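Spelled out, the chains give:
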Amino acid sequence: MTADDFVYTIYINAAPERVWEALTDPAATRRYWGVAFETDWAPGSAMTWHEEDAVTADPEQTVLEAEPGSRLSYTWHTFTPEWAKSVGVDEETRRALMAEPRSTVSFTIEPAGATTRLTVVHRAGEALLAMSRQGWPHVLSGLKTLLETGEPLPTTDL
C-alpha cells in the first residue's frame, strides 16, 4: 500500500459467499450503491457501469481478479460527461479525474469468526482519492446494512 491507496476494513455479519454475491450481483449493488455492473466477472472481461442516468463502457474498464468468496479486483470506471452530469460532478473535477491514471479497486473477503472481514483497497490518483475517502465508507456501510438487515441505506451521500 502507498499514499495513493485508500484502505478500508469493515466487519459484516454475513458469510463470505453472501458478501461476494452482494459485490457482484447487479440487483444487490444497485440497492446499496446505486450502481449495477454488467460483466461475467471473469478476469479480463469488460465491465459496463449503469449508474444514475449514465451507462459507462470502456475497453480499459475490466475485471482483474475474481475468486468467488475471497477476492475481487477491477479497474475503476471512465469519467464521461454523461456520468458527471448524472452524479453532479462539475467539469473541472471531471477533467482532473480524467487526467489521472486509471485506478483499481480490490476487495479481500475473509472469514473472521462468525463474521466476514471485507477489506477494500482503492489505488487512485489524488482527485479520485479525495472523493473515495468520502464515498467508500458510505457504500460499505450500505452493503453491511443491506446484508445484516435486508434494507439498504439511501444511496446518496449525506
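In short, a report on the structure. Along each chain, residue indices are assigned from 1 in the same order as the chain's sequence is written. Note on the predicted model: pLDDT of at least 70 is required for a residue's local features to be given, and 80 or more for side-chain atom pairs to be given and counted; whole-chain, interface and lining totals, by contrast, use all residues. Side-chain measures were taken over the full set of non-hydrogen atoms in the model, leaving aside hydrogen atoms and water.

**Considerations on the overall build of the protein**
Right, so step 1: For the protein, the count of helices and strands is five helices and seven strands.
Right, so step 2: Helix numbering and strand numbering both begin at the N terminus, where a helix is a DSSP run of H or I of at least 4 residues and a strand a DSSP run of E of at least 2. Each helix and strand of the protein, ordered N terminal to C terminal, gives the series β-α-α-β-β-β-β-α-α-β-β-α.
Right, so step 3: Here the C-alpha atoms of the protein give a radius of gyration of 15 Å, agreeing with the 15 Å that 2.2 N^0.38 yields for 158 residues.
Right, so step 4: For the C-alpha atoms alone, the extent of the protein along its principal axes is close to 45 × 30 × 30 Å.
Right, so step 5: About 8000 Å² of surface is accessible on the protein, with carbon and sulfur atoms providing 52% of the total.
Right, so step 6: Asp and Glu are treated as the negative residues and Lys and Arg as the positive ones, with His and the ends of the chain left uncounted. To locate a charge, take NZ of a lysine, CZ of an arginine, CG of an aspartate or CD of a glutamate. For the protein, the distance from the average site of its 12 positive side-chain charges to the average site of its 24 negative ones is 3 Å. With C-alpha atoms as the basis for the radius of gyration, the globule rule is written as 2.2 Å multiplied by the number of residues raised to the power 0.38. Only the protein chains shown count as covering a residue, and every accessible area follows the Shrake-Rupley method with a 1.4 Å probe.

**A few points about the nonpolar core**
Right, so step 1: Nonpolar core, defined: a set of buried Ala, Val, Leu, Ile, Met, Phe, Trp, Tyr and Cys residues in which side-chain atoms within 4.5 Å join the residues together. The buried label applies to any residue whose accessible area, calculated with a 1.4 Å probe on protein chains only, is under 20% of its type's maximum; exposed applies above 50%, and partly exposed to all values in between. Counting residues in each nonpolar core, the largest one holds 40 residues, and the members touching the most others are Tyr74, Leu118 and Trp136.
Right, so step 2: Element by element, the count of residues in this core is highest for helix H5 (residues 126-149), at eight residues.
Right, so step 3: Contacts are assigned to residue pairs that have any heavy atoms within 4.5 Å of one another. Residues in contact with tyrosine 74, not counting those within four places in the same chain, are Trp33, Phe37, Trp41, Met47, Trp49, Thr62, Val63, Leu64, Ser103, Thr104, Val105 and Phe107.

**Some words on the packing of aromatic side chains**
Right, so step 1: Two aromatic rings, drawn from Phe, Tyr or Trp (for Trp, its six-membered ring), form a pair once their centres lie within 6.5 Å of each other, and the interplanar angle then sorts them: stacked below 30 degrees, edge-to-face above 60, tilted otherwise. Following the criterion strictly, the structure yields 17 aromatic pairs and no others.
Right, so step 2: Ring geometry for phenylalanine 6 against tyrosine 8: centres 6.1 Å apart, planes inclined by 10 degrees, an arrangement best described as stacked.
Right, so step 3: Using a relative accessible area of 8% as the deciding quantity, one classes phenylalanine 6 as buried.
Right, so step 4: Taken together, Tyr32, Trp33, Phe37, Trp41, Trp49, Tyr74, Trp76, Phe107 and Trp136 form an aromatic cluster joined through their ring pairs.

**Here's the deal with the environment of glycine 142**
Right, so step 1: Assignment of secondary structure puts glycine 142 in helix H5.
Right, so step 2: Glycine 142 gets classed as buried once you look at its relative accessible area, which sits at 1%.
Right, so step 3: Apart from the residues lying within four places of it in its own chain, the contact partners of glycine 142 are Tyr32 and Leu153.

**So, the pattern of salt bridges**
Right, so step 1: By salt bridge we mean one thing: a side-chain nitrogen of Lys or Arg within 4 Å of a carboxyl oxygen of Asp or Glu. Across all of its chains, the model carries eight salt bridges by this definition.
Right, so step 2: Between arginine 123 and aspartate 5 there is a salt bridge, with the nearest N and O atoms lying 2.7 Å from each other. Residue arginine 123 is located in strand E7 (residues 115-123), and its partner aspartate 5 is located in strand E1 (residues 5-12); the two are separated by 118 residues in the primary sequence.
Right, so step 3: On the basis of relative accessible area, aspartate 5 is assigned to the buried category, the value being 8%.
Right, so step 4: With a shortest N-O distance of 2.9 Å, glutamate 148 and lysine 144 are connected by a salt bridge. Taken together, the residues glutamate 148 and lysine 144, both in helix H5 and four residues apart, mark about one turn of the helix.
Right, so step 5: Note on glutamate 148: relative accessible area 35%, which makes it partly exposed.
Right, so step 6: Assessed through its relative accessible area of 25%, lysine 144 is described here as partly exposed.

**Some details on the pairing of strand E5 (residues 71-75)**
Right, so step 1: With four of five residues buried, E5 is to be regarded as a mostly interior element.
Right, so step 2: The criterion for strand pairing is that DSSP finds at least two bridges linking the strands in question. As defined by bridge partners, strand E4 (residues 54-67) adjoins E5 across four bridges and the pair is classed as antiparallel. Note that in E5 the partner of glutamate 65 across the bridge is serine 73.
Right, so step 3: In this antiparallel pair of consecutive strands, E4 and E5, the connection spans three residues, and glycine 69 shows a positive phi of 80 degrees.
Right, so step 4: Sheet topology note: the E5/strand E6 (residues 104-112) ladder contains five bridges and is antiparallel. Across the sheet, leucine 72 pairs through a bridge with phenylalanine 107, a residue of E6.

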